[in-house]
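Structure assessment
Given next are the chains, with one letter for each unit.
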Amino acid sequence: MWVVLLPYLLQRGPMDCQWARPESVGISSERLERMSGAMQRYIDANQLAGTVSLISRKGQVIHMESQGWKSKETGEEMTGDTIFFIMSMTKPIVSTALMMLYEEGHFLLTDPISDWIPEVADKQVVVENEFGTYRVPAHRPIDFRHVLSHTAGLDPNRDALNADELALLGRRDNLEDTIIRRGPLPLAFHPGDEWQYGSSTDYVALLVERISGETLKEYLQKNIFDPLGMEDTFYAVPEEKRDRVASVYSPTGPGQTIELSRTKEYSNTPFFGENYYGGVAGLFSTASDYWRFSQMLLNGGELDGVRLLTPKTVSLMISNHSGDGDVYVRGPGYNFGLGFGILSDAGKARDPLTPGSYTWGGAWGTIFWTDPVEEMTGIMMTQITSYSHLTVRQDFGVTAMQSIIDANTPILGYPVLD
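Structural notes, computed from the coordinates. Computed from a prediction, not measured in an experiment: that's the story for all the values here.

**Topic: the overall build of the protein chain**
Along the protein chain, the regular secondary structure elements total eleven helices and 16 strands. Rg of the C-alpha trace for the protein chain: 21 Å, near the compact-globule value of 22 Å for 418 residues, within the 12% margin. Once the C-alpha set of the protein chain is aligned to its principal axes, its extents read approximately 65 × 50 × 45 Å. Looking at the 418 residues of the protein chain, the share that counts as buried comes to 56%. Across the protein chain, contacts joining residues at least 24 apart in sequence account for 68% of those joining residues at least 6 apart. Counting only carbon and sulfur atoms, one obtains 49% of the accessible surface of the protein chain, whose full area is about 16,700 Å².

**Re the pattern of salt bridges**
Evaluated as defined, the whole model comprises twelve salt bridges. Between glutamate 176 and arginine 210 there is a salt bridge whose closest N-O contact spans 2.6 Å. Taken as a pair, glutamate 176 in helix 6 (residues 175-181) and arginine 210 in helix 7 (residues 200-212) lie far apart in primary sequence, 34 residues in all. What makes glutamate 176 partly exposed here is its relative accessible area of 31%. Through salt bridges with shared partners, a single ionic network connects Asp81, Asp232, Lys241 and Arg244.

**Focus: the nonpolar core**
Leu98 and Ile224 are the most contacted members of the largest nonpolar core, which totals 101 residues. In this structure, leucine 98 is in contact with Phe107, Phe144, Leu148, Val204, Leu207, Val208 and Ile211, ignoring residues within four places of it in sequence. Of all hydrophobic cores here, the second largest spans twelve residues; its members include Ile83, Phe85, Val248 and Phe284.

**Points about the pairing of strand 1 (residues 50-57)**
Burial analysis of strand 1 places eight of its eight residues in the buried class, which makes it a mostly covered element. As paired strands, strand 1 and strand 2 (residues 60-71) are joined by eight bridges and run antiparallel to one another. In the sheet register, glycine 50 faces strand 2, and the bridge partner there is glycine 68. Following strand 1, the chain reverses through two residues before pairing antiparallel with strand 2; lysine 58 in that reversal takes a positive phi of roughly 55°.

**Here's the deal with the packing of aromatic side chains**
Counted by the stated rule, this structure contains 23 aromatic pairs. A ring pair is formed by tryptophan 369 and phenylalanine 396, whose centres lie 6.0 Å apart and whose planes are at 50°; its orientation type is tilted. One end of the pair, tryptophan 369, is in strand 15 (residues 367-371); the other, phenylalanine 396, is in helix 11 (residues 392-401), and 27 residues separate them in sequence. The class of tryptophan 369 is buried, set by a relative accessible area of 4%. Chaining the aromatic ring pairs together yields one cluster made of Phe85, Tyr266, Phe271, Phe272, Tyr276, Phe284 and Trp364. The aromatic ring of phenylalanine 272 is capped on one face by arginine 171, whose charged end is 4.0 Å from the ring centroid.

About the thresholds
Residues numbered from 1 in each chain as written. Predicted model: local features only at pLDDT ≥ 70, side-chain atom pairs only at ≥ 80, totals over all residues. Heavy atoms only, no water. Helix = DSSP H or I, 4+ residues; strand = E, 2+ residues; numbered from the N terminus. Rg over C-alpha atoms; globule rule 2.2 N^0.38 Å. Buried < 20%, exposed > 50% of the residue type's maximum accessible area, 1.4 Å probe, protein only. Contact = heavy atoms within 4.5 Å. Areas by Shrake-Rupley, 256 points an atom, 1.4 Å probe, with all protein chains shown as cover. Salt bridge = Lys/Arg side-chain N within 4 Å of Asp/Glu carboxyl O. Core = buried A, V, L, I, M, F, W, Y, C linked by side-chain atoms within 4.5 Å. Pairing = 2+ DSSP bridges. Phe/Tyr/Trp six-rings, centres within 6.5 Å; stacked < 30°, edge-to-face > 60°. Lys NZ or Arg CZ within 6 Å of the ring centre and 35° of its normal.

Structure (structure tokens):
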């Protein structure tokens, strides 16, 4: 493993991560090697082009390995500094930005977002029952907690919309125009009543812009990326770094093997439009950059002497704010915090993490999770447009957790978290 890491360490230097031998933090090197084998099986089967995997414990990176290909067509091998389109792993970063403004006293989580986005006030709700489909006034306004926890109901069923309303759904040239154009649309349910994955974090992004008076891109760069030393995280990859971008693959070949979908050139402009800096998705990043962001959270909001949040706010963010809502995109055993999925029931979840672990992934295969009980973070980067036929994310978690030989908890069954 350390032979694999050496070229990357020499290239990137000590600023990116703090490194340690696995045994120094209670991890078996021999067991951790099973992760390499698990990732390689997908690559050998032509189900993934390549992966970058990173594991840290107690603030120390003890595994980082690049396997396979950044571009199979050109023969470029995957490297530790490869840049990936992280899709929905943008959401935790943008949610953190809004919570930084929360700490400055600009709003309470129970404040209506119409204080800052008046265009979404006085919403109607679509109701469907035995009497038909009709609309009623929302029982309560959309508040900050709702948009951060995906319980606002901002994405109504298209079948409930008329032709004029359907025309409002498309993305415009920029985030603000897109959100404001959708202002007249009804809600899918009364805010707070259910959990729904959709456009909610774009509203979080617009709130960051209106409260801060800066574009989201500017705010993230000045207040998160620069302070944390995240030098390879962007909405569009600069030309001098574009050769490091991984190609994107789709499982459209025989037996769901991969075929090329996009080459690195797609990264030269923001994915959703030249001036579109969204919260739902849009960022490119590397494993080491995302580790710096993740470790800041695990440290209680601080990294290398730079504090973005306080421990109490991080604890608030990784608490259950979705009630019993079904976080269906993660599967059973999860609820949702303020920007993260929270594992609540180990007896139902597919992931072998301790209850209270928080996580999210991207639509093109990337994933991160942090187990605060075991002080462990895992990041796995790959690029595939659909992965529901694979269990690579779960295999990554299993091979990480089974490598712990000195656990922070006694041998005891896990409780179910409310």
